[in-house]
Amino acid sequence: MLSHISASLSHTSSTTTASFLLRRGPSLRPKFPFCPYKPSKFQKQHRFVFSSMDSAATVDSVANDLKKQSLKGTENVDISSKLNIEELNWDNSFVRELPGDPRSDSIPREVLLFYTPSAPIYVVVLHACYTKVLPSVKVDNPQLVAWSESVAELLELDPKEFERPDFPFIFSGASPLVGAMPYAQNYGGHQFGMWAGQLGDGRAITLGEILNSKSQRWELQLKGAGKTPYSRFADGLAVLRSSIREFLCSEAMHSLGIPTTRALCLVTTGKDVLRDMFYDGNPKDEPGAIVCRVAQSFLRFGSYQLHASRGKKDLEIVRALADYAIRYHFPHLENMTRSGSISFNTGEEDNSAVDLTTNKYAAWAVEVAERTASMIARWQGVGFTHGVMNTDNMSVLGLTIDYGPFGFLDAFDPSFTPNTTDLPGRRYCFANQPDVGLWNIAQFTSALSTAELLNDKEADYAMESYGNKFMDDYQAIMTRKLGLAKYNKKLIGELLKNMAIDKVDYTNFFRLLSNIKADPTIPEDQLLIPLKAVLLDIGEERKEAWASWVKAYIQELSTTGVSDEERKVSMNSVNPKYILRNYLCQTAIDVAEQGDFGEVRQLLKVMQCPFDEQPGMEKYTRLPPAWAYRPGVCMLSCSS
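Residues numbered from 1 in each chain as written. Predicted model: local features only at pLDDT ≥ 70, side-chain atom pairs only at ≥ 80, totals over all residues. Heavy atoms only, no water.

The next point concerns the overall build of the protein. Secondary structure summary: the protein contains 19 helices and 13 strands in total. Relative to its full complement of 640 residues, the protein shows a buried share of 57%. Roughly 26400 Å² of accessible area belongs to the protein as shown, and the carbon and sulfur atoms make up 52% of that amount. (Helix = DSSP H or I, 4+ residues; strand = E, 2+ residues; numbered from the N terminus. Buried < 20%, exposed > 50% of the residue type's maximum accessible area, 1.4 Å probe, protein only. Areas by Shrake-Rupley, 256 points an atom, 1.4 Å probe, with all protein chains shown as cover.)

The next thing to look at is the packing of helix α8 (residues 240-255) against helix α19 (residues 598-607). Remark: α8 packs on α19, axes separated minimally by 9 Å, with the N-to-C direction vectors making an angle of 15°. Classified by the angle their axes make, α8 and α19 are roughly parallel. Crossing of α8 against α19: the hand is right-handed. Within the contact between the two elements, α8 uses Ile-244, Phe-247, Leu-248, Glu-251, Ala-252 and Ser-255 and α19 uses Val-600, Leu-603, Leu-604 and Met-607. Residue composition of the contact of α8 with α19, grouped by class: 8 nonpolar, 1 polar and 1 charged. (Axes fitted to C-alpha atoms, helices over the stretch in contact; angles between N-to-C directions. Parallel < 35°, antiparallel > 145°, perpendicular 65-115°, else oblique. Left-handed = near helix turned anticlockwise from the far one by under 90°. Contact = heavy atoms within 4.5 Å. Nonpolar A, V, L, I, M, F, W, Y, C, P; charged D, E, K, R; others polar.)

A separate point is helix α16 (residues 540-557). Spanning 18 residues, α16 covers 25 Å between terminal C-alpha atoms, matching the ideal 26 Å at 1.5 Å per step. Among all positions in α16, only Arg-542, Trp-546, Ala-547, Trp-549, Val-550, Tyr-553, Ile-554, Glu-556 and Leu-557 are buried. Summarising the contacts, the buried residues of α16 are in contact with α14 (489-502), α15 (506-513) and α17 (564-572). (Expected span 1.5 Å × (residues − 1).)

Here we come to the packing of aromatic side chains. Inspection of the entire model under this criterion finds 29 aromatic pairs. Look at Tyr-506 and Phe-510: their rings are 5.2 Å apart centre to centre, the planes differ by 70°, and that puts the pair in the edge-to-face class. Separated by 4 residues within a single helix, Tyr-506 and Phe-510 lie in helix α15, roughly one turn from each other. With respect to burial, Tyr-506 and Phe-510 carry one shared label: buried. For the ring pair Phe-509 and Phe-510, a centre distance of 5.5 Å and an interplane angle of 85° mean the geometry is edge-to-face. In this structure, Phe-509 and Phe-510 share a single accessibility class: buried. In this structure an aromatic cluster arises from ring pairing among Phe-412, Phe-430, Tyr-506, Phe-509, Phe-510, Trp-546, Trp-549 and Tyr-553. Taking the ring centre of Phe-406 as reference, the NZ or CZ of Arg-245 above it sits at 4.1 Å. (Phe/Tyr/Trp six-rings, centres within 6.5 Å; stacked < 30°, edge-to-face > 60°. Lys NZ or Arg CZ within 6 Å of the ring centre and 35° of its normal.)

Dropping the structure here:
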């Protein structure tokens, strides 16, 4: 079913998509996708420790007290106008409609063993999609570092609210929000290809969902707000360094047109957090911070995988989670009518078909697969490398989620990974991302199949849909990036090969490419002039290779019938001039840690208009300086 895709991708075997070996669906589904929990000999020799909550301030009691507060003057507010924080319309459907943990404390409840007699053993949070838990982070004069007015607009929040003196207290979690019902989500996942069991929100606490006047649903989540039952042995906190990166990249990716979670604001806590950045036994104190993340939903592939791994009782939770996602985020799948356009022959000998109108879960799986493929194709188009494509970091809405050790390509290197933890095998390097996306879809559909929501043919079709959608979108993106009338496999393959050999800057090259004229009479010694700034330090042999490619490119352009001016405008609308290079992040981080947030705000402003020329901002297009290649800048660990 997928064999034809491998051939069409063969030219990229050493470039942007590596092999991307799209095999038949069944071979990608794990034979033993989930291992039900069985206690080890060590565990049988130790008792599980159950602890009750001592604090009287439970989530429910706080929420109920807040609901009783009088909101005088807000009863007749026109919700189409800008709102203050107290007027936000909370819904809390996730908590209302899905099974939760009967406990509401933050004591870790995960099976993790230390082989020392004094170490505690925790119990798993069973049969629950979440645990209600209050933010517990300590603050001391918290400060607002940066904010996104475009995200405030989604929530219909008045931008003047950012000026409130209590804003940093509210969005650090130190001051409770009227109407919110905080919780941490329970999920599992595959990490670096290995099933990791229960993971969950270890430092992210969802406040609830905001409904705006258009009935759009936006979930607000504080990352770094304190311990949850899923923190395991961590502190549930975040540092300014990683928080700046997540805030800026969330908004930069949105401006690039890539589906992503968003960020409303970033605040410091005023407290230090101890972190071992390189896992080398040399921890140091860093400023603490919290990002308020915003998305339609933070449901992940791992949300479904965890419950599918836990036996018969939890399989109903897989169905409940699927129903929830479809009801609120894929409502067009609820009442499908039979249509030949969504009934597909599987290509098998028995001429059987997959009719997506008869099983909404199959239609949903296909849409999740296609959204994921489209997202990753866009990553490849701008040179973005996620760095940690574990299944717990994959959104069922096809959003880029969980910005840890990410990186945009500088010098084009298909094997680039921004994650030091990923170095041994480079599983999550730039070239492997399409393959990993397919592997992750296989794990997701396996979970749905375990819950008997899909049959094998429907699961296979979802994976085939991933491959088809990725190729369609990737080819369309690369065609637009080069300003071509149609996809030219040979021309694009040769280009990427040349870029890899000479380590050409990915972003600047495509931006300058629009300056080439579709004039076959240009003298050979002038062919490379428009690309001079990116073809640095190459010898005569490589100049000849590039001149040969440019001649072929000009020949292809001359057949399009599009003027040079029109093509330049079109190409510049898809090839960004500004991308969030790691060294730019680090520059902003360095001054922010000294209390100066001006560079963070300036960088946000630049990245919000990545395709515009922005006179005076050219310094943000420069190649990384020598210091940018040190660990902690060009590559990072997951520690934050």
